[in-house]
Amino acid sequence: MTDPHARQPDDDSPHAHLGLWDAVSIIIGIVVGTAIFKTPQYVFANVHGPWLGMGCWLLGGVLALLGSLCYAELATTYPRMGGDYVYLTRAFGRSVGFLFGWAQLTVILTGSIGAMAYAFGDYAVELFGWNPANSVWLAVGSVVVLTILNMIGVVFGKAAQNVLTVVKVLGLAAIVVAGFVWGGEASWASQQPMAGPGFGLAMVFVLYAYGGWNDAAFVAAEVRHRHRNMPLALILGTAGITAIYLLVNAAFLWGLGFEGVKASRAPAADVAQLALGAWGSKGISLLVMASALGAINGLIFTGSRIYVSLGADHRIFAWLGRWNAQRAAPLRSLLTQSAIALFLILLVGTEAGRNGVDAVMRFVRLNPLPWDQYFGGFDTLVAATAPVFWAFFLLTGYSLMLLRAIDPDIHRPFSAPFYPLEPILFCGMCHFMLFSAISYAQGLALLGLVPLAIGLPLYAISQWSAGRQGGKPSASE
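Residues numbered from 1 in each chain as written. Predicted model: local features only at pLDDT ≥ 70, side-chain atom pairs only at ≥ 80, totals over all residues. Heavy atoms only, no water.

1. Brief notes about the side chain of lysine 168
Then step 1. When you line up the elements, lysine 168 lands in helix α8 (residues 154-182).
Then step 2. Reaching out from lysine 168, the side chain makes a polar contact with the backbone oxygen of valine 32 at a distance of 2.6 Å.
Then step 3. With sequence-adjacent residues up to four places away left out, lysine 168 is seen in contact with Ile28, Gly29, Val32, Gly33, Leu287, Ala290, Ser291, Gly294 and Ala295. (Helix = DSSP H or I, 4+ residues; strand = E, 2+ residues; numbered from the N terminus. Polar contact = N/O pair within 3.5 Å; in protein donor to acceptor, adjacent residues only side chain to side chain. Contact = heavy atoms within 4.5 Å.)

Rendered as structure tokens:
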């Protein structure tokens with residue numbers, strides 16, 4: 001089990017390459033991906049009026065902020081590289097930490113990388129008028145290129161993240177200006193009764209749009225002056241995301257009206273057309289592509305750090321625990337993560353991949369998966385990975401309360417100020433989203449649950465191997 005009292009790398013460690021704004025950029029870059037372009041119409045379609053819809057977006061931001069206070073305490077108290085992996089290992093034991101790392105490698109992070117890559121590919125083929133079948137290959141290309149950038153070194157990885165985040169924020173600012181300057185005549189009043197299931201489903205879309213801010217905890221060990229900068233990054237990042245989402249949605253309502261947003265398939269493109277005409281939709285496609293690339297890069301950068309700690313603690317993955325000091329990057333983790341993400345992209349986005357999955361399902365006497373219920377590779381991967389994501393997110397919320405009891409005397413550079421309010425509300429949100437994710441995914445959840453189940457015998461093998469050979473692998477080269 002990870003010893004929380006063991007000496008952690010200090011702020012002058014060669015691992016500490018990231019400043020405050022690098023960490024904020026990672027958070028904003030991962031969270032503000034494509035959801036803000038895909039979900040507003042569904043949120044407003046499931047509420048009675050525009051102000052309730054804006055309230056949903058504000059509530060999502062408040063819940064994200066409460067969650068960030070939980071993570072700020074965990075990340076500063078247990079700053080070892082790997083984030084949730086470290087907290088879950090300490091709170092629940094090596095087996096849960098192992099399963100978390102395995103799930104991130106095979107389901108959660110690699111699935112999220114694949115989903116964002118599909119978002120990039122889908123908008124690229126639409127922008128350039130290419131065959132939709134090319135989306136899968138553009139998705140593959142985006143993952144390969146950004147993985148190579150991160151393998152060149154941490155400087156290139158964080159520089160790409162900062163540039164993409166700035167482009168994304170500037171593009172969203174342009175949408176806000178277009179909505180408020182060229183809109184104004186549309187009404188915020190609801191003219192038709194609500195047709196959707198209601199507030200609960202609206203919050204599902206909102207909380208999905210806020211997902212990902214917690215990934216900054218994976219790189220806590222690489223943040224300079226982390227005792228100060230990690231809480232600031234998490235709070236500033238989630239507050240900034242909330243402000244962005246509120247401004248963008250207000251611009252949608254101002255430019256298109258409540259009924260207009262509900263009826264729009266692409267509200268950002270419709271608002272951009274108010275200012276730029278036909279060029280507006282092209283500009284939005286470019287903006288979504290940049291947003292998707294920023295999310296992919298952030299996920300690649302942060303996710304690869306989990307496997308360093310996983311490899312250091314579990315002999316079966318010792319080869320993932322290697323850190324290249326010259327490039328300040330975990331090269332083997334980056335390569336492995338990229339290979340699995342590419343496998344998932346091809347699995348759900350090609351006919352051969354889907355046929356292979358269905359063949360396996362028939363072999364174990366289960367019905368083929370309902371591929372036609374989902375809209376392309378993006379929707380498929382989001383639905384398949386969401387239940388596993390929310391299950392471990394929930395366990396991390398519980399770990400804060402458990403670790404308060406396990407380590408009552410440990411120094412906590414930052415403590416959740418309203419404890420236990422933050423973890424109680426955070427866990428309540430996770431329970432709600434876990435139930436919603438399972439209900440939505442249905443049979444597709446097997447794509448995430450089966451790899452997770454495979455982790456159980458792998459852990460047993462890892463423990464058996466460690467017992468025979470003794471000792472722990474080193475985490476550095």
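2. Points about the confidence of the model for the chain
Then step 1. When pLDDT is averaged along the chain, the result is 83, and 90% of the positions lie at 70 or above.
Then step 2. At the level of individual helices and strands, the chain shows its lowest average pLDDT in α8, which scores 80, and its highest in helix α5 (residues 84-92), which scores 93.
Then step 3. Note that residues 4-14 has pLDDT below 50 and, in this model, 16 contacts with residues that lie over four places away or in other chains.
Then step 4. Every residue in residues 472-477 is under pLDDT 50, and counting partners more than four places away or in other chains gives 18 contacts. (pLDDT = per-residue confidence, 0-100.)

3. Structural notes on empty space enclosed by the protein
Then step 1. Under the counting rule described, the total for this entry stands at three cavities of 30 Å³ or more.
Then step 2. Quantified by volume, the largest cavity comes out at close to 60 Å³.
Then step 3. Lining the largest cavity are Gly60, Leu63, Ala64, Leu207, Tyr210, Gly211, Trp213, Trp390, Phe393 and Met429.
Then step 4. Looking at the lining of the largest cavity, the element that brings in the most residues is helix α4 (residues 50-77), giving three residues.
Then step 5. A volume near 40 Å³ is recorded for the second largest cavity.
Then step 6. Those elements giving two or more residues to the lining of the second largest cavity turn out to be α6 (94-128) and α16 (376-406).
Then step 7. Element by element, the count of residues in the lining of the second largest cavity is highest for α16, at three residues. (1 Å grid on protein atoms, 1.4 Å probe; cavity = no way out; pocket = protein on both sides within 12 Å on 5 of 7 lines; lining within 4 Å. Points joined across faces, edges and corners; volume = space filled by probe spheres on them.)

4. Re the side chain of asparagine 249
Then step 1. Examined against the element boundaries, asparagine 249 turns out to sit in helix α10 (residues 226-256).
Then step 2. Accessibility expressed as a relative area gives 0% for asparagine 249, which makes it buried.
Then step 3. Leave out the neighbours within four places in its chain, and asparagine 249 touches Ile36, Pro40, Phe44, Met54 and Trp57. (Buried < 20%, exposed > 50% of the residue type's maximum accessible area, 1.4 Å probe, protein only.)

5. A few points about a nonpolar patch on the surface
Then step 1. Residues Val177, Phe180, Val181, Trp182, Leu247, Trp254 and Leu274 make up a contiguous nonpolar surface patch of about 650 Å² in total accessible area.
Then step 2. No other element matches the four residues that α8 contributes to the nonpolar patch.
Then step 3. Take tryptophan 182: it is sitting in helix α8.
Then step 4. Of the residues examined, tryptophan 182 reaches a relative accessible area of 47% and is grouped as partly exposed. (Patch = residues over 30% accessible without salt bridge, like charges linked within 9 Å, V, L, I, M, F, W, Y side chains within 5 Å. Areas by Shrake-Rupley, 256 points an atom, 1.4 Å probe, with all protein chains shown as cover. Salt bridge = Lys/Arg side-chain N within 4 Å of Asp/Glu carboxyl O.)

6. Quick word on helix α13 (residues 278-313)
Then step 1. Helix length check: α13, at 36 residues, gives a terminal C-alpha distance of 55 Å against a target of 52 Å (1.5 Å per residue), a fit within 8%.
Then step 2. Across the 36 residues that make up α13, a large majority, 29, are buried. (Expected span 1.5 Å × (residues − 1).)

7. Side note on α5
Then step 1. Burial within α5 is extensive, with eight of its nine residues counted as buried.
Then step 2. Buried residues of α5: Asp84, Tyr85, Val86, Tyr87, Leu88, Thr89, Arg90 and Ala91, and no others.
Then step 3. Phi for glycine 93, located one or two positions after α5, is positive at around 110°.

8. Observations concerning the environment of tyrosine 123
Then step 1. Summarising the element assignment, tyrosine 123 is placed in helix α6.
Then step 2. A residue is classified by how much of its surface remains accessible, and tyrosine 123, at 15% relative accessible area, is buried.
Then step 3. Along the chain, tyrosine 123 and methionine 289 lie 166 residues apart, while their C-alpha atoms are 6.5 Å from each other.
Then step 4. Not counting residues up to four positions away in its chain, the partners in contact with tyrosine 123 are Phe37, Lys38, Ser285, Val288 and Met289.

9. Concerning the state of the cysteines
Then step 1. Counted by the stated rule, this structure contains zero disulfides.
Then step 2. Looking at cysteine 430, it has no disulfide partner, and the nearest cysteine sulfur is the one in cysteine 427, 6.2 Å off. (Disulfide = S-S within 2.5 Å.)

10. Topic: the packing of helix α7 (residues 135-152) against α13
Then step 1. In the contact formed by α7 and α13, the axes pass within 10 Å of each other and the chain directions differ by 50°. Classed by the angle they form, the pair α7 and α13 counts as oblique. When the axes of α7 and α13 are compared, the crossing they make is right-handed. Along its contact with α7, which presents Ser142, Val143, Leu146, Thr147 and Asn150, the element α13 presents Leu293, Ile296, Asn297, Ile300 and Phe301.
Then step 2. When the residues that make up the contact of α7 with α13 are grouped by side-chain class, the tally is six nonpolar, four polar and no charged. (Axes fitted to C-alpha atoms, helices over the stretch in contact; angles between N-to-C directions. Parallel < 35°, antiparallel > 145°, perpendicular 65-115°, else oblique. Left-handed = near helix turned anticlockwise from the far one by under 90°. Nonpolar A, V, L, I, M, F, W, Y, C, P; charged D, E, K, R; others polar.)

11. Here we look at the pattern of salt bridges
Then step 1. All told, the structure shown has five salt bridges when counted by the stated rule.
Then step 2. One salt bridge in this structure joins glutamate 73 and arginine 404, with 2.9 Å as the shortest N-O distance. Of this pair, glutamate 73 sits in helix α4 while arginine 404 sits in helix α16; the two residues are 331 residues apart in sequence, bridging distant segments of the chain.
Then step 3. Of the charged contacts, one joins glutamate 259 and lysine 262 as a salt bridge, the two residues approaching to 3.6 Å between their closest N and O atoms. Of this pair, glutamate 259 and lysine 262 both sit in helix α11 (residues 258-263), three residues apart, which is roughly one turn of the helix.
Then step 4. Under the relative-accessibility criterion, glutamate 259 is labelled buried at 17%.
Then step 5. Among the ionic contacts, a cluster of salt bridges with common partners joins Glu73, Arg404 and Arg412.

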